[in-house]
Each structure stands twice: as C-alpha cells, then as structure tokens.
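The lines below spell out each chain.
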Amino acid sequence: MTMTDVEAAQPAKDAPEEPLGATRAERLSALAQQHGALVTLVIAVIAASLSFDTFLTGDNLENMALSSAFLAVVALGMTFVIVTGGIDLSVGSLFALGGVLAAWGSQYGTVVALLLPLAVCGLIGLVNGVLIARSRLAPFIVTLAAMLGARGLLLAITDEGSQTYLVDKSTVFASLGQEKLFGIGLPVWITLVLFVLGAVVLRRSRFGQYVYAVGGNEDAAALMGAPVARTKIGVYTLSGLCAGLAGALNAAWLVSGVTILGSGMELEAISAVVIGGTLLTGGFGFISGSLVGVLLLKVIQNVINQIGSLDSAYQQVVSGAFLAVVVIAQTWLGRRRRVL
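Residues numbered from 1 in each chain as written. Predicted model: local features only at pLDDT ≥ 70, side-chain atom pairs only at ≥ 80, totals over all residues. Heavy atoms only, no water.

Engineer: Could you give me a rundown of the overall build of the protein, with the residues and numbers involved?
Structural biologist: Scanning the protein for helices and strands turns up 14 helices and 2 strands. Counting over 340 residues, the protein shows a buried share of 48%. Excluding contacts between residues fewer than 6 apart, the proportion of contacts in the protein whose partners are at least 24 apart in sequence is 77%. Within the structure as shown, the protein displays about 15,800 Å² of accessible surface, and the carbon and sulfur contribution to it stands at 66%. (Helix = DSSP H or I, 4+ residues; strand = E, 2+ residues; numbered from the N terminus. Buried < 20%, exposed > 50% of the residue type's maximum accessible area, 1.4 Å probe, protein only. Contact = heavy atoms within 4.5 Å. Areas by Shrake-Rupley, 256 points an atom, 1.4 Å probe, with all protein chains shown as cover.)

Engineer: Give a detailed account of helix H3 (residues 58-83), specifying residues and quantitative values.
Structural biologist: Here H3 contains 26 residues, and its C-alpha end-to-end distance of 35 Å stays within 8% of the 38 Å for a straight helix at 1.5 Å per residue. At Ala-69, H3 shows its strongest bend, of approximately 30°. Burial runs high along H3: 19 of the 26 residues are buried. In the segment just after H3, Gly-85 is the residue with positive phi, at about 90°. (Expected span 1.5 Å × (residues − 1). Bend = angle between axes of the 7 residues up to and from the residue.)

Engineer: An account of unusual backbone geometry is requested, with residue identities and associated values reported.
Structural biologist: The phi dihedral of Arg-136 is positive, around 55°, even though this residue is not glycine. With respect to the helices and strands, Arg-136 occurs in the loop between helix H5 (110-133) and helix H6 (139-157). For Arg-136, a relative accessible area of 68% translates into the label exposed. In the Ramachandran plot, Val-255 falls in the positive-phi region, its phi being about 50° despite a non-glycine side chain. Among the secondary structure elements, Val-255 is positioned in the loop between helix H11 (228-254) and helix H12 (265-275).

Engineer: Got a sec to walk through the packing of helix H8 (residues 186-204) against helix H9 (residues 206-216)? Specific residues and values, please.
Structural biologist: Packed helix pairs are specified by the crossing angle of their axes together with the interaxial distance, meaning the distance between the axes. Orientation of H8 relative to H9, taken along the N-to-C sense of each, is 65°, at an axis distance of 5 Å. It follows from the interaxial angle that H8 and H9 lie roughly perpendicular. Together, Val-201, Leu-202, Arg-203 and Arg-204 of H8 and Arg-206, Phe-207, Gly-208, Gln-209, Val-211 and Tyr-212 of H9 make up the contact between the two elements. Residues that form the contact of H8 with H9 fall into these classes: 5 nonpolar, 2 polar and 3 charged. (Axes fitted to C-alpha atoms, helices over the stretch in contact; angles between N-to-C directions. Parallel < 35°, antiparallel > 145°, perpendicular 65-115°, else oblique. Nonpolar A, V, L, I, M, F, W, Y, C, P; charged D, E, K, R; others polar.)

Structural measurements only, silent on function.
Structure (structure tokens):
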C-alpha cells in the first residue's frame, strides 16, 4: 500500500478547509480551533501596548524575541511529537545539556560546539523513539527517564553544577548568539528559518503525512502501510535535535553553559504547542500555531513583569490557567464539530 492510499483514505489533519457541505457553525468552530491563539495574541499585544509605554519599545521587543527564540525551537520539535499523539518530557534537560556541551566544545571550534550537542541530544531522542516505538513503552515514562538521565549527565559533566564553561566572545560560535541582522538577533532569524522548514516538512512532505496519519489513527495507519515505528523514532529524534540546538544557541547568546537552565521548559513547550491549536490526542496541529503559542506565553510573562507589583510566580499561575482554558475550549470545539 503506498502513501497515496494513506492520503486518500485519511483526510489531511492540518488542512484549514472544511467540506463543501459544512455548516456555518462548523466553519466557525474550525476557525476558532485553528486561529484562536492568534486572535488572542493580537488582543494581548494591543492591550499591553495601550497599558504600558515601554511594551512596544525596541529593547523590550528585542528581549521578547530572543527569549522566545530558544523556547520556539524546542516547541518546534515538540509539535511533531504531539501531532503523533506522544509527549516528550526530556526536552528541558536536553536544552540545558546541549548548552553545557556547546560551551565546553566551543574551545575546540564552532563545528564541535554545534555538532556535539546535536549528536548527544539527538542520540538521546533516538533512544527515546526506539524504546517507545519498538518496545511499546509509554512515552511519559520513557521521556521522564531520559529527563532524569540527561540532568544527571549534565551534573556529571559540570562537577555537580559547580563548573561553568565559558564561550570566548571572539569566536564564530559566540557570534551566532551575539550578532544581529537588520537589527534582529541571529537566533531569531535561525528560529524563523527552522519554522519555515518545519512547516514545509509537516505539511508538504511524505514524512509529514505519516506524522498526521499516525496521530490520527495508529492502527489504521499501520494497516495502510505507513511506517509507524520509523515515524515515531523520527519525531523523537527530531525533538532531541531541536532541544540540543536551542541549548547551543542559548549558550552562544549567554557566552556560557548555564547548568540551572531548562527546568520546566518541557512544560512551557507543551503549553505553547497546545495553546497554538495542536491537539494533545494527536492527529491535528500546525507549526505556525506553536510559534503563536510561544509568543503568547512570552507576552503574558512580559506583561506580568511590566506590572511590577506581581511576583514572577504569577507567570506560572497565569500560564497554567490559560492552558487549562485552551484545553477545555479545544475539547468543546472538537465535540461540537463532531455533533454538528
């Protein structure tokens, strides 16, 4: 059975178009599910710009863009995982591990600084995928074990966190995090390029169709010839690569490998992906939505910082409450579309 048969038998989950006979209520539900986060982001930006004079300043926007870039790269890999119906809890630890490995490797040149975190974090993602796909272990348990293992490896490399590796500011690797193009930091440009490539892969490639097919109905995808195991291995490997790359870019930006970073990033990445419209149950989602979800989280965090009188812990409270509302709304919209 060829991939053409898979595409013919299963509708593309990311397609925004509704059937010709769809009712107006169905179309509105679909639009709300796909673009609700973007509308919310626009409203939040307008409200913040009217409430705080410093919100739309160049320095504030640049800081938000840079801080969003690293989380966005992690969320990019997480999107592929969640579309297949999986979850990856190891990305926060892999992000921190990638940063430390990149900082340590920078003394041997830019190539080592970039390839070392990609190789190690990609290998951990590959192991996750093999255990989940071949051994049929639960993604939650496998990636939780990887999270603990990667954090332990990080502590071993840094002598229980007491050793901080620095990056020479004169190196090419440091320029990846420090230099600007048209007034925008290079990490932001790199992130945008990666998201364009990710969108093309997910929507236009055969691998992307396999990802949607596996997330929509794994058993049906297997019966129609889709390589379910290889697809799962591929998305978890990709997630590890993205986390390692994000950590390396962050190390170039900070010119050091900070050991305490990445704690809770896996939850932020999952939140951003879900807020952007990707279903936790799999089979539906798109790359641009994840980017919108990241930006929305960062805007909320920035607004709380702008208020000043609120403790930073409120960021977690607001983000958690917002995520709960989004999940409830997604569930309601999904049921409404099925009923209609």
